[in-house]
Amino acid sequence: MSTQYNSGFGNEFATESLPGALPAGQNSPQKCPYGLYAEQLSGTAFTAPRGYNQRTWVYRIRPSVSHLPYSPTSNPPPNLVSVASTASMVSTPNQLRWSPFELPKDGDQVTFVQGLKTICGYGDPSFRNGMATLVYAANANMEREAFYNADGDMLIVPQLGRLVIRTELGLINVEPTEIVVIPRGIKFAVNLPDGPSRGYICETFDRHWELPDLGPIGANGLANPRDFLYPVAAYEDIDTGAPFTIMTKYQSNFFTLQQAHSPFDVVAWHGNYSPFKYDLKLFNAVNTVTFDHMDPSIFTVLTVKTGNPGVALADFVIFPPRWMVAENTFRPPWFHRNCMSEFMGLISGGYDAKAEGFSPGGASLHSAFSAHGPDTATFQKASEEELKPVKLRPDGLAFMFETSLMMSVSKLALETSDLQKEYYGVWQGMPKNFNPNQK
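Below: a short report on this structure. Being a predicted model, the structure only gives us computed values, none of them experimental. (Residues numbered from 1 in each chain as written. Predicted model: local features only at pLDDT ≥ 70, side-chain atom pairs only at ≥ 80, totals over all residues. Heavy atoms only, no water.)

So, on to the pattern of salt bridges. Enumeration over the complete set of coordinates arrives at 16 salt bridges. One salt bridge connects Arg60 with Glu168, and the closest N-O pair in it is separated by 2.9 Å. Residue Arg60 is located in strand S4 (residues 55-60), and its partner Glu168 is located in the loop between strand S12 (163-167) and strand S13 (170-174); the two are separated by 108 residues in the primary sequence. This pair shows no difference in class: Arg60 is buried, exactly as Glu168 is. When the shortest N-O distance is used, the salt bridge between Lys305 and Asp213 registers 3.5 Å. Here Lys305, found in strand S22 (residues 300-305), pairs with Asp213, found in the loop between strand S16 (197-204) and strand S17 (229-231); they are 92 residues apart in sequence, far enough to count as distant. On the basis of relative accessibility, which here comes to 63%, the residue Asp213 falls in the exposed class. Three or more residues are tied together by salt bridges with common partners; here these are Glu39, Arg60, Glu168 and Asp265. (Salt bridge = Lys/Arg side-chain N within 4 Å of Asp/Glu carboxyl O. Helix = DSSP H or I, 4+ residues; strand = E, 2+ residues; numbered from the N terminus. Buried < 20%, exposed > 50% of the residue type's maximum accessible area, 1.4 Å probe, protein only.)

With respect to the helices, strands and loops of the structure, Thr111 is situated in the loop between strand S7 (96-98) and strand S8 (116-124). Not counting chain neighbours up to four residues away, the residues in contact with Thr111 comprise Ala138, Ala140, Asn141, Met142 and Glu145. (Contact = heavy atoms within 4.5 Å.)

Right, let's talk about the sheet that holds S4 for a bit. Read from one edge of the open sheet, four strands run S2-S20-S4-S3, paired in antiparallel fashion. Sheet topology places strand S2 (13-16) and strand S3 (37-42) at the edges, where each strand pairs with a single neighbour. Mean inter-strand twist for the sheet, computed between neighbouring axes without regard to direction, equals 20°. Relative to strand S20 (residues 266-271), S4 runs antiparallel, the two being bridged by five bridges. Across the sheet, the residue bridging to Thr56 is Gly271, located in S20. (Pairing = 2+ DSSP bridges. Axes fitted to C-alpha atoms, helices over the stretch in contact; angles between N-to-C directions.)

Our next topic: the sheet that holds strand S23 (residues 312-319). Spatially, six strands are ordered S7-S26-S25-S28-S23-S22 in an open sheet, and the strand pairing comes out antiparallel. Looking along the sheet, the strands with just one partner apiece sit at the ends: S7 and S22. Sheet twist, expressed as the average angle between the axes of neighbouring strands with direction ignored, equals 15°.

Right, let's get into the nonpolar core. With 95 residues, the main nonpolar core has Trp98, Phe112, Leu155, Leu302 and Phe316 as its most contacted residues. Counting eight residues, the second-largest nonpolar core is a separate cluster that includes Leu22, Leu36, Tyr59 and Ala268. (Core = buried A, V, L, I, M, F, W, Y, C linked by side-chain atoms within 4.5 Å.)

On inspection of all chains with the given rule, the structure shows seven cavities of 30 Å³ or more. Considering only enclosed or pocket space, the largest cavity measures out at about 200 Å³ in volume. In terms of lining, the largest cavity is formed by 15 residues, of which the most central are Pro333, His336, Glu342, Tyr351 and His372. For the lining of the largest cavity, a count of residues per class yields eight nonpolar, five polar and two charged. Computed from the structure, the second largest cavity encloses a volume of approximately 70 Å³. Forming the boundary of the second largest cavity are Leu80, Val81, Ser82, Val83, Thr118, Ala132, Leu134, Glu203, Phe205, Lys249, Ser252 and Phe254. Residue composition of the lining of the second largest cavity, grouped by class: seven nonpolar, three polar and two charged. (1 Å grid on protein atoms, 1.4 Å probe; cavity = no way out; pocket = protein on both sides within 12 Å on 5 of 7 lines; lining within 4 Å. Points joined across faces, edges and corners; volume = space filled by probe spheres on them. Nonpolar A, V, L, I, M, F, W, Y, C, P; charged D, E, K, R; others polar.)

Okay, here's the thing in structure tokens:
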């Protein structure tokens, strides 16, 4: 049976898995239907402006507080480090590129959480400022365990293998070409129906993801609100057998607690603070129909704003299949020095700025004001090819996490064998075409 969803970005939802489980006309009655407990989950401060306020009321079999004390995790994710740690992070302006990140070895059992790896980032979740870019590589289901991130929201981009994510608020199935956002504080567990799986994560420590403003584009286009899907209530009533283990990341440290009952015991909920997913194939791309390559911001799916108008803590940008029709134009992305930092990943196919070396499951990082652009082969081909309408890479889907922060890189990411140490070489063969006597 297919998974059911509610739709509409940022909507107020009301969903129940037993009829009448939602209290009528109030949030916290003296006695809740079915003997449930009422509990509020606040994603923003109580006094946040109404347009930004996010909270959800859940009605569960036992309150979340019914657990044993937290203790430091004995086996934290070995490759997930604090981006605020000078012992774990390195400052470098070099252009960096990684081959597809390695999957777990045969015989190793690595869950989604244990397979998290820090690539780059900056800031400190204690101050609600900053972000981190992670990858995951896993091959084992999370059994009788859950995870929640107190530090930040997690935007997850699967590249290989589907994810079946059980959250407190319901089930979400996600496959490559889709994304899922798990807001901070919400417990979840990940199963891997296809076996070994890999993908990318943008973890943001401040605010929440929003749709970008459309400006003169108008009321429609890019990611349409109706295409964002939210889970419906689906509960587990399990309080026998081995205890459930819940891990949390709090101030970049890991803590674990145990409890006798399933954390996924929410029978009904209403509110607007919830995980959601989106199918990137539904993105309504806007592009030039005359000349020149548009700024990549035109492909923004979601954004996390800062207090500086027009400047994002993080933008999630995609480069989907699309028609290229610009006349008298160098069509690939131009050479660029950006005040923003650009982390790119490839979900499938190829990318129009790189002829080779940038593969699905790999990544690149071009930090603030570090020059980048098409490689030599791409430049030469695009400078000479016949300009006719062409459908750009029907099987290709690349993305970018762009941020106003100046990113540091984890030592782990610089020491891995996946790092392409000769990446700078793709620009070394650029010919000198200048001739002052020929325009």
